[in-house]
Each structure stands twice: as structure tokens, then as C-alpha cells.
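Below, each chain spelled out in residue letters.
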Amino acid sequence: MAPEPGVVVVVGLADIAAASRLWGYARFLGGRFALPRFPGLRFAKMLGSGHEGGFGLRPSGSRHGFLCVFDGDDEADRLLQSGFVGAYRARSRELLTVKLRAYSSRGEWSGHRIGLGASVPADGPIATLTRASIRWSRARAFWRKAPPAEQSLEQASGCLLAVGLGEAPVFRQATFSLWDSVESMDRYARGGAHLEAIRAAHSGGFFSESMFVRFVPYELRGVWKGRTFG
């Protein structure tokens with residue numbers, strides 16, 4: 001499938017209040033069908049998270065996310081102003097929404113590719129999304145490599161936010177991160193445990209499908225792990 005030009009990506013991260021946990025699980029389990037038919041919506045995923053929004057195999061009881069790809073800003077704003085997001089806002093202890101345009105994109109997610117809509121930023125923050133469908137036969141080997149890379153991500157200089165997301169435990173995983181600059185992200189990507197994990201993934205055939213995207217985030221609103229953005 002050809003990349004989609006100029007699309008706007010919306011990422012939402014929510015920490016669901018205790019009284020609404022069943023509601024949050026229902027949205028996650030409902031997947032794409034939990035979303036209304038928004039005009040201009042090209043692609044969507046409802047996502048769970050690791051414990052405390054992290055990257056391990058233990059699932060979070062409260063932290064969830066969603067990712068939506070729209071034709072443009074007007075269509076993305078309809079989502080952000082809708083009752084769908086309002087329901088998250090009413091039922092969450094924290095909610096962060098981010099609008100992004102990609103400046104680098106490689107790979108696919110369920111056969112979809114994210115088209116470019118931004119230039120490489122000269123300065124300022126960037127965001128990254130990495131996701132993979134892990135082969136059943138290689139899952140044990142993958143998870144032996146993953147923890148050191150994930151720990152180094154959370155501790156990396158210039159990393160403003162990092163969250164583990166997934167469509168399904170163990171086998172369909174994603175990471176969304178926000179950085180203060182391209183330089184900070186590159187410094188992390190080119191060294192240490194992360195570089196070792198990338199090399200192992202390529203040589204070990206861990207993934208049946210993967211995607212790596214870099215974005216310019218241009219509208220952040222809300223709170224995540226006690227930090228206010230936007």
C-alpha cells in the first residue's frame with residue numbers, strides 16, 4: 001500500500017480512574033470498533049500498556065492509549081473535540097493527546113504505511129513510534145533482549161516521555177517516545193543496549209512486520225505521569 005501524504009496522527013494516552021477500569025478494558029477489547037466513524041479517519045488502533053505505562057510483560061490495570069491517522073487537521077480536531085475523547089477525559093486521572101506529522105517513516109502496521117507531512121526539524125522536540133509483530137517462534141529470544149533497551153530508554157538524556165503500548169500482550173508491541181531534539185534521539189539510537197537490540201532483531205528475524213516513524217509533534221495537551229505538556 002502506498003504511503004498516505006500529509007496525514008495527521010493523533011496519539012492519546014490515558015490513565016483510567018479506578019471506578020472506570022471496566023469501561024477502559026471494554027474500549028481496548030473493542031479495538032477499532034470502539035471508535036465512531038469519524039470523517040477522514042484512515043487507520044486506528046486501540047492500545048493497552050505495560051505496568052505503570054512501562055514496557056514489561058505485566059499489563060497495566062489502568063493505562064491505555066489510542067492512535068488514529070486522519071486526512072488532515074480539521075478531521076483530527078473533530079476527534080479531539082468529540083465525545084469519544086471527552087469520555088476519556090471524564091473517566092481518567094490523566095489524559096494526554098498529541099498531534100503529529102511524520103518526517104521519516106519506514107515499514108508497515110497491519111499493512112498500512114504513514115505518509116510524510118513534515119520536514120526534518122532544525123531544533124525543538126520530536127516524537128518516535130516503533131512497533132512490531134513478534135514471531136511466535138522468536139518471542140522468548142526477543143524478550144530476553146528487550147528489558148535492557150527499555151530501561152536505557154527511560155533513563156536516556158533528552159527523553160521527555162516514553163510509554164510501552166501494545167495491541168496484544170507479548171506478540172504485538174509498540175513504543176511511543178517524546179524527545180527534546182533530534183540529537184538526543186540519535187544519541188540514544190546509535191549506542192548501548194538499544195543498538196544491540198536493533199542488531200539482534202535484524203539478525204534474529206524477530207518480526208513478521210515492523211514500523212519505525214519519526215514525527216514533529218505540534219500540539220500537546222494534558223498530563224502524563226504527573227507532567228503537564230502543552
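The text that follows walks through the structure, step by step, so that each part is easy to find.

The rules behind each value
Here the residue numbers are simple positions, counted from 1 along each chain's written sequence. Selection of residues for local features in this predicted model requires a pLDDT of at least 70, selection of side-chain atom pairs for listing and counting requires 80 or more, and totals for whole chains, interfaces and linings are taken over all residues. Based on all heavy atoms of the structure, the side-chain values leave hydrogens and waters out of the count. In DSSP terms, a helix is any run of H or I states spanning at least four residues, a strand is any run of E spanning at least two, and both are numbered starting from the N terminus. Only protein chains enter the calculation, and the probe is 1.4 Å; a residue is then buried if its accessible area is under 20% of its type maximum, exposed if over 50%, and partly exposed in between. For this analysis, residues touch if any pair of their heavy atoms sits within 4.5 Å. Reported accessibility uses the Shrake-Rupley method at a 1.4 Å probe radius. Residues are deemed covered only where the shown protein chains occlude them. Arc definition: it is the arc formed by the directions from the helix axis to the C-beta atoms. Within 3.5 Å is the distance limit for a polar contact, defined as a pair of N or O atoms, with the added protein rule that one can donate a hydrogen and the other accept it, and that residues adjacent in sequence qualify only through two side-chain atoms. Any residue with an atom within 4 Å of a point lines the site, the site being either a cavity, points on a 1 Å grid over the protein atoms alone where a 1.4 Å probe fits but cannot get out, or a pocket, an open set with protein on both sides within 12 Å along at least 5 of 7 lines. Grid points are joined across faces, edges and corners, and a volume is the space filled by probe spheres set on the points. Residue type decides the class: Asp, Glu, Lys and Arg count as charged, Ala, Val, Leu, Ile, Met, Phe, Trp, Tyr, Cys and Pro as nonpolar, and the leftover types, Gly among them, as polar. Strand pairing follows a simple DSSP-based rule, namely that at least 2 bridges must link the two strands. What makes a salt bridge here is a side-chain nitrogen of Lys or Arg within 4 Å of a carboxyl oxygen of Asp or Glu, nothing more. What we call a nonpolar core is a set of buried Ala, Val, Leu, Ile, Met, Phe, Trp, Tyr and Cys residues that are connected through their side-chain atoms within 4.5 Å. Between rings of Phe, Tyr and Trp, where Trp is taken as its six-membered ring, a pair exists when centres lie within 6.5 Å; planes separated by under 30 degrees are stacked, by over 60 edge-to-face, and by other angles tilted. By definition here, charges over rings are those cases where NZ of Lys or CZ of Arg is within 6 Å of the ring centre and within 35 degrees of the ring normal.

Take the overall build of the protein chain next. Tallying secondary structure elements over the protein chain gives six helices and nine strands in all. The buried share of the protein chain, taken over its 230 residues, is 52%. If you take every contact in the protein chain between residues at least 6 apart in sequence, the share linking residues at least 24 apart comes to 76%. Element-wise, carbon and sulfur atoms account for 52% of the exposed surface of the protein chain, whose accessible area totals about 10,900 Å².

Let us now look at helix H3 (residues 83-91). When H3 is considered as a whole, its buried residues turn out to be Phe84, Val85, Ala87 and Tyr88. All buried residues of H3 fall inside an arc of 150° around its axis, so they share one side. Looking at H3, the residues exposed on the side facing more than 90 degrees away from the buried face are Gly83 and Ala90. If you check the start of H3, you find a side-chain oxygen 3.3 Å away from the backbone N of Phe84, and it comes from Ser82.

Turning our eyes to something else, we now look at empty space enclosed by the protein. This structure, assessed with the given rule, holds one cavity of 30 Å³ or more. Each pocket or cavity is described by its volume, and for the largest cavity that value is around 30 Å³. If you go around the largest cavity, the residues you meet are Val11, Leu47, Leu67, Trp109, Leu129, Leu165 and Phe176. Across the lining of the largest cavity, the residue classes break down as seven nonpolar, no polar and no charged.

On to the pairing of strand S8 (residues 207-224), then. Bridging between strand S4 (residues 92-107) and S8 involves eleven bridges; their strand directions are antiparallel. Note on S8: the bridge partner recorded for Leu100 is Pro217. Across eight bridges, strand S5 (residues 126-134) lies against S8 in antiparallel orientation. Residue Leu129 lies in a different strand from S8, and its bridge partner there is Val213. Sheet analysis places S8 next to strand S9 (residues 227-229), joined by three bridges and oriented antiparallel. The residue of S9 that forms the bridge with Trp224 is Arg227. Remark: two residues form the turn of the hairpin made by S8 and S9, two consecutive strands paired antiparallel; Lys225 in that turn has positive phi of roughly 50°.

What follows deals with the pattern of salt bridges. The full count for this structure, using the stated rule, is 14 salt bridges. Ionic pairing is found between Arg131 and Glu167, a salt bridge with its closest N-O pair at 3.3 Å. Here the residue Arg131 occupies a position in strand S5, and Glu167 occupies one in strand S6 (residues 159-168), the gap between them amounting to 36 residues. As far as burial versus exposure is concerned, Arg131 and Glu167 are alike and both buried. Look at the salt bridges and you will find they share partners, linking Asp73, Asp77, Lys99, Arg101, Glu219 and Arg221 into a network.

Another point: the nonpolar core. Leu67, Ile114, Leu161 and Phe215 are the most contacted members of the largest nonpolar core, which has 28 residues in total. When residues of this core are traced back to their parent elements, those giving at least two are strand S1 (8-16), strand S2 (41-50), strand S3 (59-70), S4, S5, S6, strand S7 (172-179) and S8. Among the elements that line this core, the one with the most residues is S8, at five residues. The contacts of Phe215, once residues within four sequence positions are left out, are Val9, Leu100, Arg101, Ala102, Tyr103, Ile114, Ile126, Ala127 and Leu129. Core analysis: the next-biggest nonpolar cluster, separate from the first, contains 19 residues, Ala14, Leu35, Leu80 and Leu95 among them.

Here S1 lies mainly inside the structure; nine of its nine residues are buried. In S1, alternate side chains face the same way, and those of Val8, Val10, Gly12, Ala14 and Ile16 on one face and Val9, Val11, Leu13 and Asp15 on the other are all buried. Two strands pair when backbone bridges link them, and S1 and S3 are joined in this way by eight bridges, in the antiparallel orientation. If you follow Val8 over to S3, its bridge partner there is Phe70. Examined bridge by bridge, S1 and S4 share eight bridges and lie antiparallel to one another. Note that in S4 the partner of Leu13 across the bridge is Leu96.

The next subject is the packing of aromatic side chains. Aromatic rings in a pair are described by how distant their centres are and how their planes are angled relative to each other. The final tally for this structure, using the stated rule, is seven aromatic pairs. Here Phe38 and Phe84 contribute two aromatic rings whose centre-to-centre distance is 6.5 Å and whose plane-to-plane angle is 80°, an arrangement assigned as edge-to-face. Here Phe38, found in the loop between helix H1 (21-30) and S2, pairs with Phe84, found in helix H3; they are 46 residues apart in sequence, far enough to count as distant. The exposure classification of Phe38 matches that of Phe84, with both residues buried. An angle of 75° between the planes, with centres 5.6 Å apart, marks the rings of Phe66 and Phe84 as edge-to-face. Of this pair, Phe66 sits in strand S3 while Phe84 sits in helix H3, and the two are 18 residues apart along the sequence. Of the residues examined, Phe66 reaches a relative accessible area of 2% and is grouped as buried. Classification of Phe84 as buried rests on a relative accessible area of 4%. Of the aromatic side chains, those joined through ring pairs into one cluster are Trp23, Phe38, Phe66, Phe84 and Tyr88. If you follow Arg63 out to its NZ or CZ, it ends over the ring of Trp224, 4.7 Å from the centre.

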